[in-house]
Amino acid sequence: MRKYGLIIIAVICLSVFVLGHQHWKNVSQVAGIEAREAAAKLNEKEKEERETLIQSLKPENNKQQPLIDYLQYKSLTQERVIVSLVGSNGTSGTGASNSSNSWAGRLEKSLRADRDELETLSFINHGHEGYSTEDLLKGKKIEAVIQDDPDLVIFDNSLINNHYQSLSLEQTEKDLESIMTKLQKELPNAKILIISPNPVANSKMENSLGLNYLDYIQASEKVIKRNKWNYVNSKEEIEKKLKNKNMRLADILTNDNIYPNDQGHYIWFEVMQEYFKS
């Protein structure tokens, strides 16, 4: 009897174990199905939210769209987003202790940090020290920008070097139009932003043609306004910030009194950052 009793108990235990295992298997299967359904719903919701964001950022629906929104839209609708910079010393970072402290280096880092989608944003720098607008054309630096196939071009108008090299205002205006014509023709879907160089000491000092730095700024602005090109007068905006911060121009220039130091590049970055978000 005792033997049969142990067998019965063993059978009962085995049955409980089997039934219990089957029960938890069923529970696990149900939980797995529910988890997959929840994940699918979450993915669908994320897709809907992404599509809603894309539609809200469409450039066609936002004629006065901030550049940062434009770049975010590009990042959501294509694999890569490229910003190409072309110009002279200001673009190359002359005066900054290293490239990351230049206005361009700071701007790239800031844009990446500001929007998650811009983590893969790439800046390609075509800044060449000592280059005038004529040098950029003759050296085929505009063609190099076109090869990048960028979404945005930032053109730092090389007026400091035009002034020091005594290029005529007529040549300066002609070069500006030639550069923009090339960029607009070959990059019809890219946005192009022209910026002036930084303020310099002795901006009224005349060159061999009897022209000062301000003459070059003003001549270029006439062409820019006539063509309704996107433009930031970096010189004036930096000077406004200096006034608000109660700082002198000498505080932000290197010893040559021409190019910005780290502090100058930081203020220039602030100007650009505000423009990108405005």
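Keep in mind the model is a prediction, meaning the values are calculated, not measured.

Q: Mind showing me how you'd approach the sheet that holds strand 3 (residues 152–156) here?
A: Strand pairs in the sheet, formed through backbone hydrogen bonds, run parallel or antiparallel to each other. Strand order in the open sheet formed by 5 strands is 2-1-3-4-5, and the pairing between neighbours is parallel. Where the open sheet ends on each side, the last strands, each with one partner, are strand 2 (122–127) and strand 5 (230–232). When the angles between neighbouring strand axes are averaged without regard to direction, this sheet yields 20°. Here 4 bridges tie strand 1 (residues 82–87) to strand 3, and the two strands are oriented parallel to one another. When the sheet's bridge partners are listed, S84 is paired in strand 3 with V153. Running over the sheet, helix 8 (residues 169–186) touches strand 3 and strand 4 (191–195) and is turned about 160° from strand 4.

Q: Could you clarify how one ought to interpret unusual backbone geometry in this entry?
A: Glycine aside, the phi torsion of most residues is negative, and most peptide linkages are trans. Located in the positive-phi region is S166, a residue other than glycine, with phi close to 60°. Summarising the element assignment, S166 is placed in the loop between helix 7 (159–164) and helix 8. A positive phi angle, near 55°, is found at K228, a position not held by glycine. Secondary-structure assignment places K228 in the loop between helix 9 (213–227) and strand 5.

Q: Would you take a moment to explain helix 6 (residues 141–148) for this structure?
A: Working note: α-helix, 3.6 residues per turn, so residues spaced by three or four point in the same direction. Of the positions making up helix 6, those classed as buried are K141, I142, V145, I146 and D148. The buried residues of helix 6 all sit within an arc of 150° when viewed along its axis, so they share a single face. Those residues of helix 6 that are buried lie in contact with strand 1, strand 2, helix 5 (133–138), strand 3 and helix 8. Positive phi appears at D149, one or two residues downstream of helix 6, with a value of about 50°.

Q: Can you walk me through the pattern of salt bridges in this structure?
A: A side chain of one charge can pair with a side chain of the opposite charge when the charged atoms of the two come close. Per the counting criterion, the structure on display carries 13 salt bridges. Two residues, R115 and D114, come together in a salt bridge whose shortest N-O distance is 3.3 Å. Given a relative accessible area of 35%, D114 falls into the partly exposed group. Residue E270 pairs with K245 through a salt bridge whose shortest N-O separation is 3.4 Å. Separated by 25 residues along the polypeptide, E270 in helix 11 (residues 262–277) and K245 in the loop between helix 10 (234–244) and helix 11 bring together distant segments of the chain. In this structure E270 comes out as buried when scored by relative accessible area, which is 14%. Residue K245 is classed as partly exposed on the basis of its relative accessible area of 38%. What emerges from the salt-bridge pattern is a single network uniting D69, D114, R115 and K277.

Q: Please explain the packing of aromatic side chains as it appears in this structure.
A: Ring pairs (aromatic) are described by centroid distance and by the angle formed between their planes. Under the defined criterion, the tally for this structure stands at 2 aromatic pairs. Relative to F269, the ring of Y266 lies with its centre 5.6 Å away and its plane at 55°, an arrangement referred to as tilted. Of the two residues, Y266 and F269 both sit in helix 11, 3 residues apart, roughly one turn of that helix. Overall, the relative accessible area of 7% leaves F269 in the buried class. Here the guanidinium or amino end of K191 rests over the ring plane of Y70, the centre of that ring lying 5.1 Å away.

Cut-off values and rules
Residues numbered from 1 in each chain as written. Predicted model: local features only at pLDDT ≥ 70, side-chain atom pairs only at ≥ 80, totals over all residues. Heavy atoms only, no water. Pairing = 2+ DSSP bridges. Helix = DSSP H or I, 4+ residues; strand = E, 2+ residues; numbered from the N terminus. Axes fitted to C-alpha atoms, helices over the stretch in contact; angles between N-to-C directions. Contact = heavy atoms within 4.5 Å. Buried < 20%, exposed > 50% of the residue type's maximum accessible area, 1.4 Å probe, protein only. Arc of directions from axis to C-beta. Salt bridge = Lys/Arg side-chain N within 4 Å of Asp/Glu carboxyl O. Phe/Tyr/Trp six-rings, centres within 6.5 Å; stacked < 30°, edge-to-face > 60°. Lys NZ or Arg CZ within 6 Å of the ring centre and 35° of its normal.

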